[in-house]
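Single-letter residue listing:
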Amino acid sequence: MLNLEKILTHYDPVTGELPGAIMVKRHLSDLRGCFADTPAYDAALAAGNPLLYTVAAVEPAVDEGDLHYGVGMLMPGKIGDEYFMTKGHLHSWRPAAEFYFGLTGEGLMLFEDEATGESRIVPLRPNGVVYVPGHTAHRTMNVGETPLTYLGVYPARAGHDYSTIAKKNFRFVVVERNGQPAMIGRK
Ligand code: PA5
Ligand code: MN
């Protein structure tokens, strides 16, 4: 079985691959509904369907006390003023928290508390750690010029719930304003 020690020796920072892990690839077409600027999204999709991110996930069937983990690689780029982003999710087991460890690049995470809707952005940088509380929808954006890579570690029983976010979406989007990321209300 793969373990954390093998991430440190076998993770390929160019391809984002981790031998033995399940590789998920998300293209622009997989993020329909995520970007607030629909005309910009449709125009970008008509021009091509770029790879936005990959996740190499290690999720063996284990005891629920164990940990699962994934290495994400999110490309730089924007749709209109919105940075390339992940789909975002809640954990199926809502109390599950998660640690993100920044590896390369310059990222931001968008958090939204499911009960209150309270939202905030948190930097995700190399050698930085971000704690994602339970009951919190989270999405990652690449706000830099190079690929953003990070390691996410979460309880084995966490699970990924995409449908709740897909139905109502995050209340805020992160856009570039005067060369800086800014969190603004979704129109
Ligand atoms: O488990 C996590 O939170 C991460 O590994 C994410 O799966 C990764 O960032 C990709 O995002 P999403 O699952 O929202 O597509
Ligand atoms: Mn998660």
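The following paragraphs examine the structure supplied in this document. Because the structure is predicted, anything quoted here is derived from the model rather than measured.

1. Some words on the overall build of the protein
A count of helices and strands for the protein gives three helices and 15 strands. For the protein, the C-alpha radius of gyration of 16 Å lies close to 16 Å, the compact-globule estimate for 187 residues. Counting only C-alpha atoms and orienting by the principal axes, one finds that the protein spans roughly 45 × 40 × 30 Å. Split into buried and exposed, the 187 residues of the protein put 44% on the buried side. Of the contacts made within the protein by residues no fewer than 6 positions apart, 69% connect residues no fewer than 24 positions apart. Accessible surface for the protein amounts to roughly 9300 Å². Of this, 54% is attributable to carbon and sulfur atoms. Taking the average location of the 17 positive side-chain charges in the protein and that of its 21 negative ones, the two points are 6 Å from each other.

2. Here we look at the packing of aromatic side chains
Per the counting criterion, the structure on display carries four aromatic pairs. With 5.3 Å between their ring centres and 20 degrees between their planes, Tyr 100 and Tyr 150 make a pair best called stacked. Here Tyr 150 lies in strand S12 (residues 148-155) and Tyr 100 lies in strand S7 (residues 98-104), a separation of 50 residues in the sequence. The exposure class of Tyr 100 is buried, given its relative accessible area of 6%. Members of the aromatic cluster, joined through ring pairs, are Phe 99, Phe 101 and Tyr 131. The ring of Tyr 162 is capped by Lys 87, whose NZ or CZ atom sits 5.5 Å from the centre of that ring. The ring of Trp 93 carries Arg 157 above its face, with NZ or CZ at 3.8 Å from the centroid.

3. Focus on the nonpolar core
Leu 18, Phe 35 and Met 141 are the most contacted members of the largest nonpolar core, which has 42 residues in total. Residue assignment for this core shows that the elements contributing at least two residues are helix H2 (38-47), strand S2 (51-58), strand S3 (67-74), strand S8 (107-113), strand S9 (119-124), strand S10 (129-132), strand S11 (136-142) and S12.

4. With respect to the sheet that holds S8
Within a beta sheet, neighbouring strands are joined by backbone hydrogen bonds and run either parallel or antiparallel to one another. Reading across the sheet, the three strands line up as S9-S8-S11 and stay open at both edges, with antiparallel pairing between neighbours. For this open sheet the edge positions go to S9 and S11, each flanked by a neighbour on one side alone. Neighbour-to-neighbour, the strand axes of this sheet turn through a mean angle of 25 degrees, independent of strand direction. The sheet contact formed by S8 and S11 spans seven bridges and is antiparallel.

5. A few points about the site of ligand 1
Near ligand 1 lie 13 residues; those nearest to it are Tyr 53, Gly 88, Tyr 100, Tyr 150 and Tyr 162. Glu 98 has a polar side-chain atom sitting 3.0 Å from an oxygen atom of ligand 1. Here Tyr 100 contributes a side-chain N or O atom positioned 2.6 Å from an oxygen atom of ligand 1. Burial of ligand 1 by the protein amounts to 98% of the accessible area it has alone, namely 380 Å². Counting residues per element, the ones that place at least two in the shell around ligand 1 are S2, S7 and S12. Considered class by class, the residues forming the shell around ligand 1 number six nonpolar, five polar and two charged.

Basis of the calculations
- Residues numbered from 1 in each chain as written.
- Chains lettered and ligands numbered in written order.
- Predicted model: local features only at pLDDT ≥ 70, side-chain atom pairs only at ≥ 80, totals over all residues.
- Heavy atoms only, no water.
- Helix = DSSP H or I, 4+ residues; strand = E, 2+ residues; numbered from the N terminus.
- Rg over C-alpha atoms; globule rule 2.2 N^0.38 Å.
- Buried < 20%, exposed > 50% of the residue type's maximum accessible area, 1.4 Å probe, protein only.
- Contact = heavy atoms within 4.5 Å.
- Areas by Shrake-Rupley, 256 points an atom, 1.4 Å probe, with all protein chains shown as cover.
- Lys, Arg positive; Asp, Glu negative; His and termini not counted.
- Charge placed at Lys NZ, Arg CZ, Asp CG, Glu CD.
- Phe/Tyr/Trp six-rings, centres within 6.5 Å; stacked < 30°, edge-to-face > 60°.
- Lys NZ or Arg CZ within 6 Å of the ring centre and 35° of its normal.
- Core = buried A, V, L, I, M, F, W, Y, C linked by side-chain atoms within 4.5 Å.
- Pairing = 2+ DSSP bridges.
- Axes fitted to C-alpha atoms, helices over the stretch in contact; angles between N-to-C directions.
- Near = heavy atom within 4 Å.
- Polar contact = N/O pair within 3.5 Å; in protein donor to acceptor, adjacent residues only side chain to side chain.
- Nonpolar A, V, L, I, M, F, W, Y, C, P; charged D, E, K, R; others polar.

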